[in-house]
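# Results of the structural survey
Read off the chains here:
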Amino acid sequence: MPTNGYLKVRVFTSEAQIPIDGASVTITQVLPDGGSRLIAVRLTDESGLVGPIAIPAPERADSQSAGKKNPFTDVDLLIDMNQYERVLIENVQIFAGEQSELNQELIPLSEYPEFWNETELIRISPQEL
């Protein structure tokens, strides 16, 4: 029976890590058939934070022994904010009973105006357990 893992997201800009207030964070679960299921849509607060958001994950015991397939839930995050690049992060792994934290920098479009309609893609490699 699945339990929950948790995801906390922090969105900022520049090397000074200035928080971005009001960025949209959309979390979808990757399904075995290749489809996806919407888990949550949230806006970052004045500190650039969202979460923690509860996400169903396989039993924790499944991650304690080798050979088990996908002892985690894969989720994708789309982070979007007006005047900033859009970022899609694929394959964020969520484990039961654990809080994952994701920090993402957004680049102002004023620095690269030619990318106004593009999405930066970041793929996370699966854990080898």
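Since the model is a prediction, treat every value here as computed from it, not as a measurement. (Residues numbered from 1 in each chain as written. Predicted model: local features only at pLDDT ≥ 70, side-chain atom pairs only at ≥ 80, totals over all residues. Heavy atoms only, no water.)

Below, the discussion takes up unusual backbone geometry. Of note, the bond from Gly51 into Pro52 is cis; its omega dihedral lies within 30 degrees of zero at 10°. Checked against the element boundaries, Pro52 lands in strand E5 (residues 49-57). Backbone geometry at Gln17 places phi at a positive 55°, although glycine is not the residue there. Mapped onto the elements of the fold, Gln17 is located in the loop between strand E1 (3-13) and strand E2 (18-19). Residue class for Gln17 comes out partly exposed when judged on its relative accessible area of 38%. Of note in this structure, Gln83 is not a glycine but carries a positive phi near 75°. Of note, Gln83 is situated in the loop between strand E6 (73-80) and strand E7 (86-94). Judged by its relative accessible area of 53%, Gln83 falls in the exposed class. (Helix = DSSP H or I, 4+ residues; strand = E, 2+ residues; numbered from the N terminus. Buried < 20%, exposed > 50% of the residue type's maximum accessible area, 1.4 Å probe, protein only.)

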